[in-house]
Structures are given as C-alpha cells and as structure tokens.
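Residues per chain, in single letters:
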Amino acid sequence: MNDSSWGAPPRAGSQAGYWGPNDHGAVPHGPVQGAAPAGPAYDAPEAQQTRPMPIVPDVPAHGGNQDDDRGAARLGGPLFRDETFRDETSHGGTFRNETSPARAFRDETPSAQPPAAVPQNPEPMPDAPQPASAPQKKSAGRDLTAAIGVGVGLGAVIIASLFVVKAVFVGVIAVAVVVGLWELTSRLQERKGIKAPLVPLAVGGAAMVVAGYVRGAEGAWVAMALTALAVLVWRMTEPPEGYLKDVTAGVFAAFYVPFLATFVAMMLTADDGALRVMTFLLLTVVSDTGAYAVGWRFGKHKLAPRISPGKTREGLLGAVSFAMVVGALCMEFVIEDGTWWQGLLLGLAVAASATLGDLGESMIKRDLGIKDMGTLLPGHGGIMDRLDSLLPTAPVVWLLLVLFVGSG
C-alpha cells in the first residue's frame, strides 16, 4: 500500500469519488465504496500538506503476537471507524476494498476503555501484597465445654454410686444398658429398616446385668441365652418378611450391649470390686484422653482412614503410653497384691481393646451413615458413643485381674 495513494488528488478528468482509466485500461463504474470524500483536502494544491494517513498493519488471521493485535486495535477512533482501505495488487492495476483490520478487530473484541488510554507496551502490574493469613487452629470437632461438664457430672454419679452402695451402681449400669439398646435399635430402624424388638432386649439386658452381679459368669450366660430366645419369640408376632435380619440384629444387640456390660457388674462382686471398677474406668478414660491429646497435637499418619479418619497412629501410641503408665500406678498402689509390671500389661491391653471398640462402633455408624448414636449427652452424642470403648474393654480387664490377683 502506497502512502501517496491516500492523500493524492483525483486524476485529471475524473469526477469526485470516481477513478479514471487505470494503467490496464479498466474503468471502474460508479463510486468507489469507502473512497475519501471530495473536499479541500483533495482539490486544493496544498493537499500534500495534509497529515498523511497512518498505515494500518495487517492482522494475522490466526495466532500472532497479542501485543501487535492490541496495537492494531489502538488505531481506532473517528479516523478508522467507518473507513475502508485499498490494497494494490502486485500488478499495480486492480484496487479492492476491504474492511479495515483495525475495525474488524475492534468489533470482535470491544474494549471497555478508550483505545488511546491503553499504553503501547503495558508493563505487568505487580501483585498487590496480600495480608498474611493467620494459621488455622485445629478444631476438636465437639463442644469441649459441654463435653467436660457432662463428663464431670457422669463421673460424680458413678463415683458416688460406686463407693456408697454397690447395688445402686448396678442400677446405673442397667439404666445405661437400656438407653444404649434404645439408641442402637432406633438407629437400625431409621437407617436400615431393621426392627430389632426393643422390649425383650431391654428386659433381658437389665436382667443380664443383675444376673451377672448375683450369679457371676454362669448367671450372665444363662440370661444371655434367655434374652436371645425371647427375641426370637417376640418377633414371631409380626409378619415373616424381614424376620431373619430382625432377630439377627436383636441377638447382636443383646451381646454387644448388655452382655459385655455384665463384666463390669462381675468385677464389682470382688472384695475390692469398687477399686477394680474404678481402675477399669480410669484406664479406659486415660487411654481415650491420651489418644485424643497426642493425636490432635502430633497426629499425621492415619490409623484406619476408611473407618475413622480422625484416628492416627500417633494417637494410638499416646493411648498406649498413657494407659501403661496409669496401669502400672494402679496395680502398684490401688489393687491389692498387684505389681507394676502387671499394670503395664493391663494398660497395653486396655489401650488395644478400647481402640478396637471405638473403631468397631465407628464401623457401625459409618454403615448406618450417622455421626452419633444419639443426642442425649451434649458434647458426647449418645450413651452408646460413650460406651463404645468401655464395653469391649470390660471383659479384658475382668479376665486379666482374675489372672493377676484372683477373683477376690
């Protein structure tokens, strides 16, 4: 494209807006679309003094440098908005009218601000300094104030009933068993449609605890068998659909809650039964506390992520360490005829059984799709959420104490 073609006057003998014969003899007919209008700038001899039209660079159809594209778009304004440009062929004879690349580019990518305001080579703006975010604190996941308050209240009830009248403590165990059975059967029916009969379970569970206290292990096994039979018969009063799964869940509930709790009542029958139960409760609580404290502070490696993502291997080590230390102290200074090394073994066994019990109930709750078994205890969940580690630990402590110091 020649610079002179933009500011030159029309050839002699041609009218404004028309072109004369070109070098090849071709005479275009009619006005050339987009031709510069006639006026003083074209008719006066001083036309050469007018400001030359700037050259519009070609815009590549595909790709190209984005900075060059933006430079072409910046050649907008009134001068190029409605203009067309002419390009001469290599033979210099044929003119063709095309839309300005600047206009095409401007129509496709409109800019919110005037093109003249955009710098030719904009420098990248430095990122604004962001305020340093404070490190997030680990969350306990529960209301610790409510949890501590409820724990202290339960501890006071247990201690008072345990050291005042043993029979009252047996009643506390029976009440906990009945409430735990109600929570478990309610969640089974709500989430899985399993109707484990609560009435025979509640009556048989309470009887099982009393039988274990009065008649020992023999009485506990007999009460367990009768409770299972009562579940089978009670369920026969309803339609047979789902009978097998209902009675299976009922027998499981009878074993899981009241039968395991019976071993706490059996501990109580010894001469130092109150001290044995206190050791059992203290070791279980210390194991859970050690696992929580160490896992919350140092936990990095998951113990069983598919079952309980919050439990870590570091927490398990904390549970074992805390339980072994407290077990050695209890066996040396609390349990008559006990020794410190027996306490180490007892603490190790309690940490293992409490962890497995916690994981077992987590498995049940994950299968049911719930977080807690109930809402009776603020900050803790339900009764079953507090019995999860106690229930499987009770037979372990009962057996080891019988082996170490006798049945008393």
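Details of the structure are given in the entry above.
Here goes a summary of the coordinates provided. As a convention, each chain's residues are numbered from 1 in the sequence order in which they are written. Residue-level local features of this predicted model are given only where pLDDT is at least 70; pairs of side-chain atoms are given and counted only at 80 or more, and the full residue set underlies all totals for whole chains, interfaces and linings. Hydrogens are left out, water is left out, and the side-chain values use all remaining heavy atoms of the structure.

Details of the overall build of the protein
Elements are defined by DSSP. Helices are runs of H or I of four residues or more, strands are runs of E of two residues or more, and each kind is numbered from the N terminus. A count of helical and extended segments in the protein gives 14 helices and four strands. Partly exposed describes any residue whose relative accessible area lies between the buried limit of under 20% and the exposed limit of over 50%, with all areas from a 1.4 Å probe on protein chains only and scaled to the type maximum. Burial status across the protein gives 37% buried among its 408 residues. For the protein, long-range pairs separated by at least 24 residues make up 67% of all intrachain contacts whose partners lie at least 6 apart in sequence. Just so you have it, the protein exposes about 23,700 Å², and 64% of that area is on carbon and sulfur atoms. The contact definition used throughout considers only heavy atoms, calling two residues in contact when any of these lie within 4.5 Å. Each accessible area is a Shrake-Rupley estimate made with a 1.4 Å probe; only the visible protein chains count as cover when residues are assessed.

Concerning the packing of helix 8 (residues 198–235) against helix 9 (residues 243–268)
Under this scheme, a helix contributes an axis fitted over its contacting stretch, all axes are lines through C-alpha atoms, and angles between N-to-C directions fall in the 0 to 180 degree range. At a minimum axis distance of 9 Å, the contact between helix 8 and helix 9 shows a crossing angle of 170 degrees. For the element pair helix 8 / helix 9, the angle class is roughly antiparallel. Comment on the angle field: the value is read as roughly parallel under 35 degrees, roughly antiparallel over 145, roughly perpendicular from 65 to 115, and oblique elsewhere.

Digging into the side chain of Q342
Considering the arrangement of structural elements, one finds Q342 in helix 12 (residues 340–368). There is a polar contact of 3.1 Å between the side chain of Q342 and the backbone nitrogen of T339. Residues adjacent in sequence count toward polar contacts only when both atoms are side-chain atoms; beyond that, a polar contact is any pair of N or O atoms within 3.5 Å, and within protein one must be able to donate a hydrogen and the other to accept it.

Notes on the packing of helix 10 (residues 273–298) against helix 11 (residues 313–333)
It is at 7 Å that the axes of helix 10 and helix 11 come closest, and there the two elements cross at 145 degrees. The interaxial crossing formed by helix 10 with helix 11 has right-handed handedness. Only E314, G315, G318, A319, F322, A323, V326, G327 and C330 of helix 11 make contact with helix 10, whose side of the interface consists of T279, L282, L283, V286, S287, G290, A291, V294, G295 and F298. Classification convention: Asp, Glu, Lys, Arg as charged; Ala, Val, Leu, Ile, Met, Phe, Trp, Tyr, Cys, Pro as nonpolar; all other residues, Gly among them, as polar. Tallied by class, the residues present in the contact of helix 10 with helix 11 amount to eleven nonpolar, seven polar and one charged. Less than a right angle of anticlockwise turn of the near helix away from the far helix marks a crossing as left-handed, whereas a clockwise turn marks it as right-handed.

Description of the environment of L162
Structurally, the position occupied by L162 is in helix 6 (residues 144–164). Taking the C-alpha atoms as reference, L162 lies 9.4 Å from V172; in sequence the two are ten residues apart. Contact partners of L162, with chain neighbours within four places excluded, come to F169, L268, A274, V277 and M278.

Things to note about the nonpolar core
Counting residues in hydrophobic clusters, the biggest one holds 60 residues, and the most contacted among them are I173, V277, F280 and L346. No other element matches the 15 residues that helix 9 contributes to this core. Apart from the residues within four sequence positions on either side, V277 is in contact with L162, F169, V264, M267 and L268. We call a set of buried Ala, Val, Leu, Ile, Met, Phe, Trp, Tyr and Cys residues a nonpolar core when their side-chain atoms join them within 4.5 Å.

As for the packing of aromatic side chains
Here a Phe, Tyr or Trp ring, Trp counted by its six-membered ring, pairs with any other such ring whose centre lies within 6.5 Å, and the pair is stacked when the planes are under 30 degrees apart, edge-to-face when over 60, and tilted otherwise. Under the defined criterion, the tally for this structure stands at six aromatic pairs. Aromatic side chains W221 and F259 sit 4.5 Å apart centroid to centroid with 50 degrees between the ring planes, which places their arrangement in the tilted category. Highlighted residues: W221 in helix 8 and F259 in helix 9, separated in sequence by 38 residues. Seen in terms of ring centroids, W341 and F404 are 6.2 Å apart; in terms of plane orientation they differ by 65 degrees. Their pairing is edge-to-face.

Concerning the side chain of S308
Tracing the sequence through the fold places S308 in strand 4 (residues 308–312). Non-local contacts of S308, meaning those with residues more than four positions away in its chain, are made with L359 and S362.

Quick look at the environment of V157
Mapped onto the secondary structure, V157 falls in helix 6. Judged by its relative accessible area of 46%, V157 is partly exposed. As a C-alpha pair, V157 and F169 span twelve residues in sequence and 8.9 Å in three-dimensional space.

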